[in-house]
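# Examination of the molecular architecture
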Amino acid sequence: MSAPVNQTDTGAVAPAKPPLEIMLCAPRGFCAGVVRAIDVVERALAIYGPPVYVRHEIVHNKYVVESLKRKGAVFVAELDEVPDGDAPVIFSAHGVAKTVPQTAESRGLTTIDATCPLVTKVHREAEIHHKRGRHVLLVGHSGHPEVVGTMGQLPAGSITLVEDLEQIQALEPANRDNLAWVTQTTLSVDDTHHIVEALKKKFPAIVGPHKDDICYATTNRQEAVKQVAPLVDALIVVGSSNSSNSQRLREVAERAGCPITRLVLRAEEIDWDAFTNIRRLGLTAGASAPEVLVEEIIDAFATRYTVTVDTVSTTTEDMVFPLPRELRSEAAE
(Lines give C-alpha, C1' and ligand atoms only; values in the text may rest on other atoms or scores of the structure.)
Protein backbone atom coordinates (compact mmCIF):
# COMPACT_ATOMS: atom_id res chain seq x y z
CA MET A 1 0.00 0.00 0.00
CA SER A 2 1.38 3.42 -0.91
CA ALA A 3 1.99 6.05 1.79
CA PRO A 4 -0.73 8.72 2.30
CA VAL A 5 0.04 12.08 0.73
CA ASN A 6 -0.68 15.76 1.34
CA GLN A 7 -1.06 18.44 -1.31
CA THR A 8 1.33 21.36 -0.66
CA ASP A 9 0.71 25.04 -1.50
CA THR A 10 2.93 24.68 -4.59
CA GLY A 11 0.97 21.72 -5.88
CA ALA A 12 3.72 19.28 -5.04
CA VAL A 13 2.77 16.04 -3.36
CA ALA A 14 4.40 15.38 0.01
CA PRO A 15 4.10 12.32 2.24
CA ALA A 16 1.44 12.78 4.92
CA LYS A 17 2.66 13.09 8.48
CA PRO A 18 2.03 9.93 10.52
CA PRO A 19 -0.52 10.17 13.35
CA LEU A 20 0.62 10.60 16.94
CA GLU A 21 -1.50 10.59 20.07
CA ILE A 22 0.07 12.54 22.94
CA MET A 23 -1.15 11.50 26.37
CA LEU A 24 -0.57 14.50 28.59
CA CYS A 25 -0.13 13.67 32.27
CA ALA A 26 -1.98 15.77 34.82
CA PRO A 27 -0.92 17.03 37.26
CA ARG A 28 2.44 18.05 35.79
CA GLY A 29 4.83 20.99 35.96
CA PHE A 30 4.98 23.74 38.55
CA CYS A 31 4.03 22.89 42.12
CA ALA A 32 2.97 25.42 44.77
CA GLY A 33 6.49 25.61 46.24
CA VAL A 34 8.06 26.42 42.87
CA VAL A 35 5.39 29.02 42.06
CA ARG A 36 6.06 30.64 45.43
CA ALA A 37 9.85 30.62 44.95
CA ILE A 38 9.65 32.27 41.53
CA ASP A 39 7.13 34.78 42.85
CA VAL A 40 9.54 35.62 45.69
CA VAL A 41 12.29 36.57 43.23
CA GLU A 42 9.96 38.56 40.98
CA ARG A 43 8.32 40.35 43.91
CA ALA A 44 11.73 41.18 45.41
CA LEU A 45 12.84 42.62 42.07
CA ALA A 46 9.70 44.78 41.97
CA ILE A 47 10.20 46.05 45.54
CA TYR A 48 13.98 46.46 45.75
CA GLY A 49 14.89 46.74 42.08
CA PRO A 50 17.80 44.83 40.52
CA PRO A 51 20.13 43.33 41.41
CA VAL A 52 18.56 40.76 43.68
CA TYR A 53 20.96 37.98 44.66
CA VAL A 54 19.84 34.34 44.80
CA ARG A 55 21.94 31.70 46.53
CA HIS A 56 21.96 28.65 44.23
CA GLU A 57 19.32 28.06 41.56
CA ILE A 58 15.97 29.20 42.92
CA VAL A 59 14.53 26.00 41.40
CA HIS A 60 16.22 23.33 39.30
CA ASN A 61 15.26 24.54 35.86
CA LYS A 62 17.71 26.33 33.57
CA TYR A 63 14.94 27.99 31.56
CA VAL A 64 13.47 29.56 34.71
CA VAL A 65 16.88 30.65 35.98
CA GLU A 66 17.83 32.29 32.69
CA SER A 67 14.47 34.10 32.57
CA LEU A 68 15.02 35.53 36.05
CA LYS A 69 18.58 36.53 35.16
CA ARG A 70 17.23 38.67 32.33
CA LYS A 71 14.99 40.44 34.85
CA GLY A 72 17.91 41.29 37.15
CA ALA A 73 18.42 38.29 39.43
CA VAL A 74 22.05 37.36 40.10
CA PHE A 75 22.65 33.72 41.02
CA VAL A 76 25.59 32.91 43.28
CA ALA A 77 27.02 29.70 44.69
CA GLU A 78 27.89 31.11 48.11
CA LEU A 79 27.34 34.27 50.16
CA ASP A 80 30.93 35.44 49.73
CA GLU A 81 29.99 36.30 46.13
CA VAL A 82 27.42 38.82 47.38
CA PRO A 83 28.79 42.34 47.87
CA ASP A 84 28.04 44.32 51.01
CA GLY A 85 25.07 46.62 50.59
CA ASP A 86 21.28 46.76 50.66
CA ALA A 87 20.55 44.30 47.83
CA PRO A 88 18.59 41.36 49.24
CA VAL A 89 19.74 37.74 49.16
CA ILE A 90 17.16 35.04 48.53
CA PHE A 91 17.59 31.46 49.71
CA SER A 92 16.37 28.87 47.19
CA ALA A 93 13.30 26.63 47.45
CA HIS A 94 15.53 23.70 48.48
CA GLY A 95 16.41 25.23 51.85
CA VAL A 96 19.76 26.00 53.45
CA ALA A 97 21.82 24.92 56.44
CA LYS A 98 21.48 27.04 59.59
CA THR A 99 24.97 28.45 59.10
CA VAL A 100 23.92 30.26 55.91
CA PRO A 101 21.43 32.74 57.43
CA GLN A 102 23.76 33.10 60.41
CA THR A 103 26.58 34.17 58.11
CA ALA A 104 24.27 36.54 56.26
CA GLU A 105 23.14 38.12 59.53
CA SER A 106 26.74 38.60 60.69
CA ARG A 107 27.37 40.59 57.50
CA GLY A 108 24.21 42.64 57.85
CA LEU A 109 22.71 41.32 54.62
CA THR A 110 18.99 41.52 53.94
CA THR A 111 17.71 37.97 53.43
CA ILE A 112 14.49 36.47 52.12
CA ASP A 113 13.80 32.78 52.61
CA ALA A 114 12.08 31.09 49.65
CA THR A 115 12.41 27.59 51.14
CA CYS A 116 9.41 25.46 50.20
CA PRO A 117 7.14 25.11 53.26
CA LEU A 118 7.17 21.33 52.80
CA VAL A 119 10.97 21.33 53.10
CA THR A 120 10.69 23.57 56.17
CA LYS A 121 8.35 20.93 57.63
CA VAL A 122 11.13 18.33 57.30
CA HIS A 123 13.61 20.72 58.96
CA ARG A 124 11.30 21.18 61.92
CA GLU A 125 10.68 17.46 62.24
CA ALA A 126 14.42 16.81 62.33
CA GLU A 127 14.91 19.50 64.99
CA ILE A 128 12.11 18.09 67.17
CA HIS A 129 13.55 14.58 67.00
CA HIS A 130 16.98 15.94 67.92
CA LYS A 131 15.58 17.84 70.91
CA ARG A 132 13.96 14.63 72.08
CA GLY A 133 17.32 12.89 72.00
CA ARG A 134 16.79 10.83 68.87
CA HIS A 135 19.41 10.23 66.21
CA VAL A 136 17.92 11.20 62.85
CA LEU A 137 18.20 9.12 59.68
CA LEU A 138 17.62 11.18 56.53
CA VAL A 139 16.55 9.22 53.44
CA GLY A 140 17.84 11.13 50.44
CA HIS A 141 20.50 11.66 47.78
CA SER A 142 23.97 12.83 48.75
CA GLY A 143 24.87 16.31 47.53
CA HIS A 144 21.34 17.42 46.66
CA PRO A 145 20.79 20.98 47.96
CA GLU A 146 17.73 19.92 49.94
CA VAL A 147 19.71 17.17 51.68
CA VAL A 148 22.59 19.55 52.43
CA GLY A 149 20.12 22.01 53.94
CA THR A 150 18.31 19.42 56.04
CA MET A 151 21.52 17.90 57.41
CA GLY A 152 22.67 21.42 58.21
CA GLN A 153 19.78 21.91 60.63
CA LEU A 154 21.41 19.67 63.23
CA PRO A 155 24.84 19.43 64.88
CA ALA A 156 27.39 17.22 63.14
CA GLY A 157 27.04 13.57 64.09
CA SER A 158 23.36 13.79 65.02
CA ILE A 159 21.95 13.02 61.57
CA THR A 160 22.93 10.26 59.13
CA LEU A 161 22.15 10.13 55.41
CA VAL A 162 20.65 6.88 54.11
CA GLU A 163 20.68 6.47 50.31
CA ASP A 164 19.94 2.79 49.72
CA LEU A 165 19.15 -0.58 51.23
CA GLU A 166 22.82 -1.59 51.40
CA GLN A 167 23.55 1.28 53.78
CA ILE A 168 20.77 0.14 56.09
CA GLN A 169 22.40 -3.28 56.41
CA ALA A 170 25.62 -1.62 57.57
CA LEU A 171 23.97 0.80 60.02
CA GLU A 172 24.91 0.23 63.65
CA PRO A 173 23.78 3.32 65.62
CA ALA A 174 24.85 3.80 69.24
CA ASN A 175 21.24 3.58 70.44
CA ARG A 176 19.10 1.57 68.04
CA ASP A 177 16.00 2.15 70.18
CA ASN A 178 16.15 5.94 69.94
CA LEU A 179 16.00 6.70 66.22
CA ALA A 180 13.82 8.75 63.87
CA TRP A 181 13.57 9.02 60.08
CA VAL A 182 12.76 11.87 57.71
CA THR A 183 13.06 12.05 53.92
CA GLN A 184 13.99 14.34 51.08
CA THR A 185 10.72 15.62 49.59
CA THR A 186 11.45 14.82 45.92
CA LEU A 187 12.21 11.09 46.06
CA SER A 188 10.54 8.21 44.27
CA VAL A 189 7.54 7.15 46.34
CA ASP A 190 8.22 3.46 45.68
CA ASP A 191 11.96 3.61 46.39
CA THR A 192 11.38 5.51 49.61
CA HIS A 193 8.74 3.00 50.72
CA HIS A 194 11.21 0.14 50.35
CA ILE A 195 13.89 1.98 52.30
CA VAL A 196 11.53 3.03 55.09
CA GLU A 197 10.18 -0.52 55.41
CA ALA A 198 13.75 -1.81 55.69
CA LEU A 199 14.48 0.75 58.41
CA LYS A 200 11.37 -0.28 60.34
CA LYS A 201 12.29 -3.94 60.02
CA LYS A 202 15.83 -3.43 61.33
CA PHE A 203 14.88 -0.82 63.93
CA PRO A 204 11.32 -1.60 65.12
CA ALA A 205 11.31 1.34 67.56
CA ILE A 206 12.19 3.96 64.93
CA VAL A 207 9.89 6.99 64.82
CA GLY A 208 8.65 8.54 61.57
CA PRO A 209 6.73 11.68 60.59
CA HIS A 210 2.99 11.91 61.26
CA LYS A 211 2.54 12.57 57.55
CA ASP A 212 4.91 11.41 54.80
CA ASP A 213 7.62 13.92 53.93
CA ILE A 214 7.47 13.29 50.18
CA CYS A 215 5.88 16.34 48.59
CA TYR A 216 2.25 16.05 47.47
CA ALA A 217 3.28 17.26 44.00
CA THR A 218 6.01 14.62 43.69
CA THR A 219 3.49 11.92 44.62
CA ASN A 220 0.79 13.21 42.27
CA ARG A 221 3.11 13.51 39.27
CA GLN A 222 4.48 10.01 39.81
CA GLU A 223 0.97 8.56 40.06
CA ALA A 224 -0.03 10.18 36.75
CA VAL A 225 3.08 8.75 35.06
CA LYS A 226 2.35 5.28 36.45
CA GLN A 227 -1.06 5.40 34.80
CA VAL A 228 0.18 6.64 31.41
CA ALA A 229 3.52 4.84 31.04
CA PRO A 230 2.16 1.32 30.32
CA LEU A 231 -0.11 2.72 27.58
CA VAL A 232 2.46 4.56 25.43
CA ASP A 233 5.39 3.73 23.15
CA ALA A 234 7.57 6.43 24.68
CA LEU A 235 7.40 9.04 27.43
CA ILE A 236 9.14 12.38 27.76
CA VAL A 237 9.69 14.17 31.06
CA VAL A 238 10.26 17.89 30.59
CA GLY A 239 12.81 19.06 33.14
CA SER A 240 16.45 19.74 33.96
CA SER A 241 18.96 16.95 34.47
CA ASN A 242 19.77 18.26 37.96
CA SER A 243 16.11 18.16 39.02
CA SER A 244 15.60 15.25 41.42
CA ASN A 245 11.83 15.05 41.00
CA SER A 246 12.19 15.08 37.20
CA GLN A 247 14.76 12.28 37.25
CA ARG A 248 12.44 10.25 39.47
CA LEU A 249 9.57 10.70 36.99
CA ARG A 250 11.68 9.21 34.22
CA GLU A 251 12.63 6.27 36.46
CA VAL A 252 8.98 5.72 37.41
CA ALA A 253 7.99 5.59 33.72
CA GLU A 254 10.75 3.10 32.98
CA ARG A 255 9.74 0.82 35.84
CA ALA A 256 6.09 1.02 34.80
CA GLY A 257 7.01 -0.62 31.50
CA CYS A 258 7.50 2.27 29.08
CA PRO A 259 10.14 1.14 26.53
CA ILE A 260 11.52 4.60 25.71
CA THR A 261 11.89 7.26 28.41
CA ARG A 262 13.73 10.55 28.05
CA LEU A 263 14.34 13.62 30.23
CA VAL A 264 14.68 16.78 28.13
CA LEU A 265 14.59 20.47 28.95
CA ARG A 266 13.89 21.92 25.50
CA ALA A 267 12.70 20.62 22.13
CA GLU A 268 16.20 21.08 20.73
CA GLU A 269 17.38 18.24 23.00
CA ILE A 270 15.01 15.63 21.55
CA ASP A 271 16.74 12.62 20.02
CA TRP A 272 14.38 12.19 17.08
CA ASP A 273 15.89 8.84 16.07
CA ALA A 274 14.48 7.38 19.29
CA PHE A 275 10.92 8.38 18.35
CA THR A 276 10.84 7.21 14.72
CA ASN A 277 8.14 4.54 14.96
CA ILE A 278 6.01 5.68 17.88
CA ARG A 279 2.25 6.14 17.65
CA ARG A 280 1.48 7.11 21.23
CA LEU A 281 3.63 9.44 23.37
CA GLY A 282 3.35 10.17 27.09
CA LEU A 283 4.33 13.67 28.20
CA THR A 284 4.80 15.13 31.68
CA ALA A 285 6.92 17.78 33.38
CA GLY A 286 8.87 17.98 36.61
CA ALA A 287 7.67 20.29 39.38
CA SER A 288 10.12 23.03 38.36
CA ALA A 289 9.37 22.95 34.61
CA PRO A 290 7.08 25.67 33.17
CA GLU A 291 4.15 24.78 30.94
CA VAL A 292 5.61 26.79 28.06
CA LEU A 293 8.28 24.08 27.66
CA VAL A 294 5.63 21.37 27.50
CA GLU A 295 3.91 23.33 24.74
CA GLU A 296 7.25 23.68 22.95
CA ILE A 297 7.68 19.89 22.95
CA ILE A 298 4.16 19.38 21.60
CA ASP A 299 4.80 21.92 18.83
CA ALA A 300 8.04 20.15 17.89
CA PHE A 301 6.24 16.82 17.48
CA ALA A 302 3.46 18.54 15.52
CA THR A 303 5.98 19.46 12.81
CA ARG A 304 6.67 15.75 12.25
CA TYR A 305 3.36 14.11 13.16
CA THR A 306 -0.36 14.76 12.92
CA VAL A 307 -0.86 15.24 16.63
CA THR A 308 -3.89 14.72 18.84
CA VAL A 309 -3.59 15.52 22.55
CA ASP A 310 -5.51 13.75 25.31
CA THR A 311 -5.11 14.68 28.98
CA VAL A 312 -4.98 11.90 31.57
CA SER A 313 -5.79 13.42 34.96
CA THR A 314 -5.38 11.50 38.21
CA THR A 315 -6.12 14.31 40.67
CA THR A 316 -6.66 18.06 40.93
CA GLU A 317 -4.22 20.27 42.83
CA ASP A 318 -5.29 23.46 44.60
CA MET A 319 -2.37 23.98 47.00
CA VAL A 320 -1.16 27.60 47.39
CA PHE A 321 1.66 28.83 49.63
CA PRO A 322 1.75 32.50 50.72
CA LEU A 323 4.77 34.71 50.11
CA PRO A 324 7.25 35.31 52.96
CA ARG A 325 5.89 37.84 55.45
CA GLU A 326 8.31 40.63 54.50
CA LEU A 327 7.15 40.55 50.91
CA ARG A 328 3.49 40.32 51.90
CA SER A 329 3.76 43.38 54.14
CA GLU A 330 5.47 45.35 51.39
CA ALA A 331 2.77 44.31 48.97
CA ALA A 332 0.08 45.57 51.33
CA GLU A 333 1.56 49.04 51.60
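Residues numbered from 1 in each chain as written. Predicted model: local features only at pLDDT ≥ 70, side-chain atom pairs only at ≥ 80, totals over all residues. Heavy atoms only, no water.

Spelled out, the test is: UniProt positions are given in the numbering used here, feature names are shortened, and annotations may be inferred rather than shown by experiment.
Looking at an unreviewed UniProt entry, one finds the protein chain named 4-hydroxy-3-methylbut-2-enyl diphosphate reductase, with Methylobacterium nodulans as its source organism. You can read under Sequence similarities (unreviewed entry) in the UniProt record for the protein chain the words "Belongs to the IspH family." According to the UniProt record, the Function (unreviewed entry) comment for the protein chain reads "Catalyzes the conversion of 1-hydroxy-2-methyl-2-(E)-butenyl 4-diphosphate (HMBPP) into a mixture of isopentenyl diphosphate (IPP) and dimethylallyl diphosphate (DMAPP). Acts in the terminal step of the DOXP/MEP pathway for isoprenoid precursor biosynthesis."

### So, the overall build of the protein chain
Going by this rule: Helix numbering and strand numbering both begin at the N terminus, where a helix is a DSSP run of H or I of at least 4 residues and a strand a DSSP run of E of at least 2. Here the term buried applies to any residue with accessible area under 20% of the maximum for its type, exposed to any over 50%, and partly exposed to those in between, with areas from a 1.4 Å probe on protein chains only. In this description, contact between two residues means that some pair of their heavy atoms is separated by no more than 4.5 Å. The protein chains shown are the only cover counted for residues, whose accessible areas, like all others here, come from Shrake-Rupley with a 1.4 Å probe.
Per the secondary structure count, the protein chain includes 11 helices and 14 strands. Its C-alpha atoms give the protein chain principal-axis dimensions of roughly 75 × 55 × 30 Å. Split into buried and exposed, the 333 residues of the protein chain put 49% on the buried side. If you take every contact in the protein chain between residues at least 6 apart in sequence, the share linking residues at least 24 apart comes to 75%. Element-wise, carbon and sulfur atoms account for 50% of the exposed surface of the protein chain, whose accessible area totals about 15900 Å².

### Topic: the nonpolar core
Using the following cut-off: Only buried Ala, Val, Leu, Ile, Met, Phe, Trp, Tyr and Cys residues count toward a nonpolar core, and they belong to the same one when joined by side-chain atoms within 4.5 Å. Domain ranges listed in this record stem from an automatic or a database domain assignment.
If you look at the biggest cluster of nonpolar residues, it comprises 31 residues, and the most contacted ones within it are V41, I58, L68 and I90. Those elements that provide at least two residues to this core are α1 (32–48), β4 (52–55), α2 (62–71), β5 (73–76), α4 (117–131) and α8 (216–228). Sort the elements by how many residues they give to this core and α1 lands first, with eight residues. Counting the residues that make up this core, at least three belong to each of domain 1 (19–30 + 216–313) and domain 2 (32–116). Listed in part, the 25 residues of the second largest apolar core include L24, A234, V294 and F301.

### So, the environment of A114
By the element assignment, A114 lies in the loop between β7 (111–113) and α4. Here A114 falls in the buried class, since its relative accessible area comes to 0%. As for A114 and A224, which are separated by 110 residues in sequence, their C-alpha atoms are 27 Å apart. Here A114 is in contact with R36, A37, V40, I58, I90, F91, S92 and A93, once residues within four sequence places are set aside.

### Considerations on the UniProt feature "binding site: [4Fe-4S] cluster" (unreviewed entry) in the protein chain
Feature annotation in UniProt assigns "binding site: [4Fe-4S] cluster" (unreviewed entry) to the following positions: C31, C116 and C215. Spatial clustering of the annotated residues is evident: they stretch over 185 residues in sequence, but the largest pairwise C-alpha distance comes to 10.0 Å. Following the sequence through the fold, C31 ends up in the loop between β3 (19–26) and α1. Among the residues examined, C31 registers a relative accessible area of 9% and is labelled buried.

### Some points on the pairing of strand β11 (residues 234–238)
Spelled out, the test is: For two strands to be treated as a pair, DSSP must find no fewer than two bridges joining them. When the strands point away from the viewer and the connection leading from the first strand across the helix to the second strand turns clockwise, the crossover is called right-handed.
Among the five residues that make up β11, five are buried, leaving the element largely enclosed by the rest of the structure. Judged by which residues are buried, β11 turns out to be covered on both faces: A234, I236 and V238 on one side and L235 and V237 on the other are all buried. With five bridges joining them, β11 and strand β13 (residues 280–285) adopt parallel strand pairing. Within β13, the position partnered with A234 by the bridge is L281. The sheet contact formed by β11 and strand β12 (residues 261–264) spans four bridges and is parallel. Paired with V237 across the strands is L263, a residue of β12. Following the backbone out of β11, through helix α9 (residues 244–255) and into the adjacent parallel β12, one traces a crossover that is right-handed.

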